[in-house]
Amino acid sequence: MKPINLMINGLPGNVTATIAAHAADDSRFSLVPFSLTGPEIETEFFMVGKEKISLLKPDTRKKCIQQIKSEVTDFITIDFTHPTAVNDNALFYTENNLPFVMGTTGGDREKLAETVLKGSVPAVIAPNMAKQIVGFQAMMDYASETFPDLFKGFSLTIEESHQKGKADTSGTARAMVKYFNRLGIPFSEENIVRERDPDVQKNTWEIPEEHLAGHGWHTYTLTSPDKSVFFQFKHNINGREIYVKGTFDGAMFLNKKVNQGAAGKIFTMIDVLKG
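Residues numbered from 1 in each chain as written. Predicted model: local features only at pLDDT ≥ 70, side-chain atom pairs only at ≥ 80, totals over all residues. Heavy atoms only, no water.

Re the environment of histidine 82
Working step 1: Tracing the backbone shows histidine 82 in the loop between strand E6 (76-79) and helix H3 (86-95).
Working step 2: Those residues within four positions of histidine 82 in sequence are excluded, and the remaining contacts are Thr104 and Ala167.
Working step 3: Only 2.8 Å separates the side chain of histidine 82 from the side chain of threonine 84, close enough to count as a polar contact. (Helix = DSSP H or I, 4+ residues; strand = E, 2+ residues; numbered from the N terminus. Contact = heavy atoms within 4.5 Å. Polar contact = N/O pair within 3.5 Å; in protein donor to acceptor, adjacent residues only side chain to side chain.)

Written out as C-alpha cells, the structure is:
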C-alpha cells in the first residue's frame, strides 16, 4: 500500500514532535518535509530522525503552500498547534484544499465548524485523540441521552491537570460538561478546576515527576445532596503515546474519506472508532 503523506503542523511542539517521530518510523506514512509553526519560533528547521523539516511561519506559508502541493500532490495535514491559531489555521486549510486532522483545542469551535462546512475539504476534529477516552465520552453521551436528569440534585466537581505549557482548559473536560448537564447537573465550563503548577501536580496530585512535562489527569466527582452517595470517574494519562495512535487512525480514516470524495464534512473520533 502506498504510504499516506502527512504534513504535521506545530513543530517543534512536544506533541507534534512525538507524532512526527512515530510517523517517520511507520511504513504507513511518509513525512512532508514542511511544518507550519508559530511566529515566535526562531529556528528554521527541525530534525525528525534524519529528516529535515522546514518550519513555515504565518507570513511565509501562503507563498510556500502551492510549491509544497506541486511537489507532494496529496497529503493529510495534522494540526497540534496553539489554541490561538485554531481558526486561522482551519481557514488556511480550507482555502488551500488541505484535508486535516485537528487535535488542537481552544479557539472558536462554532466558527471552526462553520469554516469546514462552508469549505470543500473534510476534517477530523476532536478535543482528544485517545481512543479509549473517546469511547468513555461516547458512553457518557449515551447515558446522558438515555437517562436524562439521572443525577439531578447532585453536585459536580471537574478537576483537570496538564503540563505547564498547555495554554487552555482541557477540551476533553469542556466536552464532558454537556453530558453532565443532560444528566441533570447545572455546571458551566468556568467551574472546571485546572492545574498547571508542577509543584502542586507533584506534591498534591502525586503525578510522577517524569510525566510533569506531559500528562492529562481528569477527575469527575458527583455527590448527592445529603453527601451519602458519591460517584467518581477518572482518566489519567501519562505521556503522549496514546494520542499518537488515535491521530494515526484519524489520518487513515480521513484519507479513506478523501478518496471516497468527501467534502465540507466534519468527522469526530467517534466516527473514526466506528469506521
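Some words on the pattern of salt bridges
Working step 1: A complete count under the given rule lists 11 salt bridges for this structure.
Working step 2: Where arginine 174 meets glutamate 189, a salt bridge forms, and the shortest distance between an N and an O atom there is 3.8 Å. Residue arginine 174 is located in helix H6 (residues 171-182), and its partner glutamate 189 is located in the loop between H6 and strand E10 (193-195); the two are separated by 15 residues in the primary sequence.
Working step 3: A relative accessible area of 40% places glutamate 189 in the partly exposed class.
Working step 4: Bridged by salt links that share partners, the residues Lys166, Asp168, Arg174 and Glu189 form one connected network. (Salt bridge = Lys/Arg side-chain N within 4 Å of Asp/Glu carboxyl O. Buried < 20%, exposed > 50% of the residue type's maximum accessible area, 1.4 Å probe, protein only.)

A few points about the packing of aromatic side chains
Working step 1: One pass over the structure, following the stated rule, counts 9 aromatic pairs.
Working step 2: With centroids separated by 4.6 Å and ring planes inclined at 45°, the aromatic side chains of phenylalanine 29 and phenylalanine 248 adopt a geometry described as tilted. Residue phenylalanine 29 is located in strand E2 (residues 29-31), and its partner phenylalanine 248 is located in helix H8 (residues 241-259); the two are separated by 219 residues in the primary sequence.
Working step 3: With a relative accessible area of 6%, phenylalanine 29 lands in the buried category.
Working step 4: Relative to phenylalanine 231, the ring of phenylalanine 154 has its centre 6.4 Å away and its plane inclined at 55°; by these criteria the two rings are tilted. One end of the pair, phenylalanine 154, is in the loop between helix H5 (131-146) and strand E9 (155-162); the other, phenylalanine 231, is in strand E12 (residues 230-238), with 77 residues separating them in the sequence.
Working step 5: Among the residues examined, phenylalanine 154 registers a relative accessible area of 16% and is labelled buried.
Working step 6: A relative accessible area of 36% places phenylalanine 231 in the partly exposed class.
Working step 7: Directly above the ring of phenylalanine 45 sits lysine 52, whose terminal nitrogen or CZ lies 3.9 Å from the centroid.
Working step 8: The ring of phenylalanine 92 has arginine 61 sitting right over it, with the charged end atom 4.3 Å from the ring centre. (Phe/Tyr/Trp six-rings, centres within 6.5 Å; stacked < 30°, edge-to-face > 60°. Lys NZ or Arg CZ within 6 Å of the ring centre and 35° of its normal.)

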